[in-house]
Amino acid sequence: MTNKIRNNWKLNEIEVLFNLPFNDLIYQSHTIHRENFDPNQIQISTLLSIKTGACPEDCSYCSQSSKNNTGLEREQLMPLTEVIQAAKEAKSNGASRFCMGAAWRNPTEKSLDKVIAMVEAVKALDMETCVTLGMLNKSQALKLKDSGLDYYNHNLDTSPEFYGEVITTRTYQDRLETLHHVREAGINVCSGGILGMGETRRDRARLLQELANLPKQPESVPINDLVQIKGTPLDGIDKLDPFEFVRTIAVARILMPKSYVRLSAGRTEMNDEMQALCFFAGANSMFYGERLLTTDNPGETHDQLLFQRLGMNKEVLSKQTSEAMN
Ligand code: SAM
Ligand code: DTB
Ligand code: SF4
């Protein structure tokens, strides 16, 4: 087994990993996990939707798309004071990173300035910051970097081949370009995808191949299990086999040995045993708090108990941040 980061993964090599007997696969991924991280530490982020609903994009999984009739109430950009209050609460509950999400195709210059004030205020609380605002151009990414932003989240979501079945209003290439601007600006990249949208195993392998073979692998890789939302085209689709979800986490860990793999949306549908299996397979980050963006997440009390039962601890600072400080 090797620790070396590779950016030349071939599809057939990834499919071989997916096809391994389950125990062989998670033994391999756990070994790599242990070589790179403390397996009992978990990085904790809390999410806040700073601008909800009425999004012009047509992502077929999303409660916030104006194309989907989900009954979600649209909200204006949240005032700064409310954002600071939410970040303080997240910090006192033990989150080390605060992630702010806006339902935009891309931010306007005026709205970006408002988000920048939020980033600066959250940084002043000594928390890591992350935002997800849709597509960015080069100068917007540089502006965010100047504000002290630590991470930008922009998911590839699925394979390039399946992508068109899920979203038609922006292309895979658009997403890769945003990731390029974020990387070039020197902001840490958070990029992953969603499973359980009707994609094949090959699509899951292709998504991971795209992420792993980026010029530099994302520092953070959220793996979401689709949260089915009434009024979206993906509501009612067959659920993914939980073991297939764990396999995908394991393969992500093997391909991206030094990235944080985040067990993201979908945890309310998972039992504790499955989440423990995900941690064993290599997930070492999660969203903490009652809400994701518009849907529920297991509450802090539940997660705190889960950590206690598993002897796991919340990480104070991510590896990247502590390395940057030294
Ligand atoms: N509007 C921005 C964008 O799409 O880039 C940022 C917010 S968007 C909600 C962030 C990510 O959340 C999406 O790329 C998708 O991967 C994930 N997501 C959204 N709705 C989801 C759902 N119902 N289930 C699982 N993941 C979801
Ligand atoms: C990510 O990959 N998952 C988070 C975060 N990045 C922004 C969002 C999950 C959203 C789940 C559905 C909702 O709450 O609306
Ligand atoms: Fe808009 Fe993001 Fe939802 Fe797509 S995922 S509809 S871009 S908020």
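Residues take numbers from 1 onward in each chain, read along the sequence in its written order. Chain letters start at A and ligand numbers start at 1, both assigned in the order the entries are written. For a predicted model such as this one, the threshold for reporting local features is a pLDDT of at least 70, and the threshold for listing and counting side-chain atom pairs is 80 or more; totals across whole chains, interfaces and linings nevertheless cover every residue. Side-chain metrics in this entry use all non-hydrogen atoms of the structure; hydrogen atoms and water are not considered.

Peer 1: Looking at this structure, how should I read the nonpolar core?
Peer 2: What tends to happen in soluble globular proteins is that the nonpolar side chains get buried as a cluster. Residues enter a nonpolar core if they are buried and are Ala, Val, Leu, Ile, Met, Phe, Trp, Tyr or Cys, with the set joined through side-chain atoms within 4.5 Å. Classification of residues uses two cut-offs on accessible area relative to the type maximum, computed with a 1.4 Å probe and protein chains only: under 20% is buried, over 50% is exposed, and between them is partly exposed. The biggest cluster of nonpolar side chains holds 86 residues, and the ones touching the most others in it are Leu144 and Phe245. When sequence neighbours within four positions are dropped, the list of residues in contact with phenylalanine 245 reads Leu195, Ile223, Asn224, Asp225, Leu240, Leu263, Met270, Met274 and Cys278. Cys99, Cys130, Phe287 and Leu292 belong to the second largest nonpolar core, which has 7 residues in total. Any two residues whose heavy atoms approach within 4.5 Å at even a single point are treated as in contact.

Peer 1: Please explain the site of ligand 1 as it appears in this structure.
Peer 2: Near ligand 1, the surroundings consist of 17 residues, among which Thr132, Asn155, Asp157, Arg170 and Val227 are the closest. Tyrosine 61 places a polar main-chain atom, nitrogen or oxygen, 3.1 Å from a nitrogen atom of ligand 1. Pairing of N or O atoms within 3.5 Å defines a polar contact, subject to two protein rules: one partner must be a possible hydrogen donor and the other a possible acceptor, and residues neighboring in sequence count only if both atoms are side-chain atoms. The contact in question runs from an oxygen atom of ligand 1 to an N or O atom on the side chain of arginine 170, over 3.1 Å. Residues are grouped as follows: Ala, Val, Leu, Ile, Met, Phe, Trp, Tyr, Cys and Pro are nonpolar; Asp, Glu, Lys and Arg are charged; all remaining types, including Gly, are polar. Here the residues of the shell around ligand 1 are counted per class, giving 9 nonpolar, 5 polar and 3 charged. The criterion for a residue being near a molecule or strand is simple. One of its heavy atoms has to lie within 4 Å of it.

Peer 1: Where do I start with the side chain of glutamine 217 in this structure?
Peer 2: A run of H or I in DSSP counts as a helix once it spans at least four residues, and a run of E counts as a strand once it spans at least two, with each numbered from the N terminus. Mapped onto the elements of the fold, glutamine 217 is located in the loop between α8 (201-212) and β7 (220-225). Polar side-chain contacts of glutamine 217 include one of 3.1 Å to the backbone oxygen of leucine 255.

Peer 1: Looking at this structure, I do not really get unusual backbone geometry. What am I missing?
Peer 2: Peptide bonds are, in most cases, trans, and in most cases residues other than glycine have a negative phi. Non-glycine residue aspartate 126 carries a positive phi angle of around 65°. Its relative accessible area of 67% is what places aspartate 126 among the exposed residues. Even without a glycine there, the phi angle at aspartate 157 is positive, about 75°.

Peer 1: Before we go on, may I ask you to explain the site of ligand 3 in this structure?
Peer 2: The environment of ligand 3 is made up of Cys55, Glu57, Cys59, Tyr61, Cys62, Ser65, Ala103 and Arg170. Looking at the shell around ligand 3 residue by residue, the class counts come to 5 nonpolar, 1 polar and 2 charged.

Peer 1: Would you mind going over the packing of α8 against helix α9 (residues 242-255) with me for this structure?
Peer 2: In helix packing, the relevant descriptors are the interaxial angle and the interaxial distance, both defined with respect to the helix axes. Two numbers describe how α8 lies on α9: the axes approach to 10 Å, and their chain directions differ by 25°. Classified by the interaxial angle, the pair formed by α8 and α9 is roughly parallel. Crossing handedness for the pair α8 and α9: right-handed. Each of Arg201, Arg204, Leu208, Gln209 and Ala212 in α8 lies in contact with α9, whose residues at this interface are Glu244, Arg247, Thr248, Val251, Ala252 and Leu255. Taken together, the residues of the contact of α8 with α9 sort by class into 5 nonpolar, 2 polar and 4 charged. All axes are obtained by fitting lines to C-alpha atoms, using only the stretch in contact for helices, and the reported angles, taken between N-to-C directions, cover 0 to 180 degrees. By definition in this entry, angles of less than 35 degrees are roughly parallel, angles greater than 145 are roughly antiparallel, angles of 65 to 115 are roughly perpendicular, and the rest are oblique. In this scheme the crossing of two helices becomes right-handed for a clockwise turn of the near helix relative to the far one and left-handed for an anticlockwise turn of less than a right angle.

Peer 1: Honestly, the pattern of salt bridges in this entry has me stumped. Any pointers?
Peer 2: Side-chain pairs of opposite charge can arise where the charged atoms are in close proximity. Here a salt bridge means any side-chain nitrogen of Lys or Arg lying within 4 Å of a carboxyl oxygen belonging to Asp or Glu. As enumerated under the stated definition, the model contains 20 salt bridges in all. We note a salt bridge from aspartate 157 to arginine 175, for which the minimum N-O separation is 3.6 Å. Placement of aspartate 157 in the loop between β4 (151-153) and α6 (160-166) and of arginine 175 in helix α7 (residues 172-185) is noted, with a sequence separation of 18 residues between them. The exposure class of aspartate 157 is buried, given its relative accessible area of 2%. Look at arginine 175 and you get buried, because its relative accessible area is 3%. Among the ionic pairs, aspartate 296 bridges to arginine 291, the shortest N-O distance being 2.7 Å. The class for aspartate 296 is partly exposed, based on a relative accessible area of 47%. Its relative accessible area of 40% is what places arginine 291 among the partly exposed residues. Three or more residues are tied together by salt bridges with common partners; here these are Glu199, Arg201, Arg204 and Glu244.

Peer 1: Even after reading the chapter, I still don't get the pairing of strand β3 (residues 128-132), so can you show me in this structure?
Peer 2: Within a regular strand, side chains alternate between the sheet's two faces. Buried residues dominate β3, accounting for 5 of its 5 residues. Here β3 shows no split at all, with Glu128, Cys130 and Thr132 on one side and Thr129 and Val131 on the other all buried. Viewed along the sheet, the connection from strand β2 (residues 97-102) through helix α4 (residues 109-123) into β3 turns out right-handed. Pairing between strands is defined by DSSP: at least two bridges between them are needed. Where β3 and β4 come together, 2 bridges link them in parallel fashion. Among the inter-strand pairings, cysteine 130 is bridged to a residue of β4, identified as tyrosine 151. In this view, the connection linking β3 to its parallel neighbour β4 by way of helix α5 (residues 138-146) has right-handed handedness. Crossovers are marked right-handed if the path from the first strand over the helix to the second runs clockwise, as seen with the strands pointing away from the viewer.

Peer 1: When you look at α8 in this model, what are you seeing that I'm missing?
Peer 2: For an α-helix, the turn length of 3.6 residues means that residues three or four places apart are oriented alike. A helix is expected to span 1.5 Å multiplied by its residue count minus one. Between its terminal C-alpha atoms α8 stretches 16 Å, which fits the 16 Å expected from 12 residues at 1.5 Å a residue. Taking burial as the measure, the 12 residues of α8 include 10 buried ones, the bulk of the element. For α8, the complete set of buried residues consists of Asp203, Arg204, Ala205, Arg206, Leu207, Leu208, Gln209, Glu210, Leu211 and Ala212. Contacts made by the buried residues of α8 are with α1 (11-18), α6, α7, β6 (193-195), β7 and α9.

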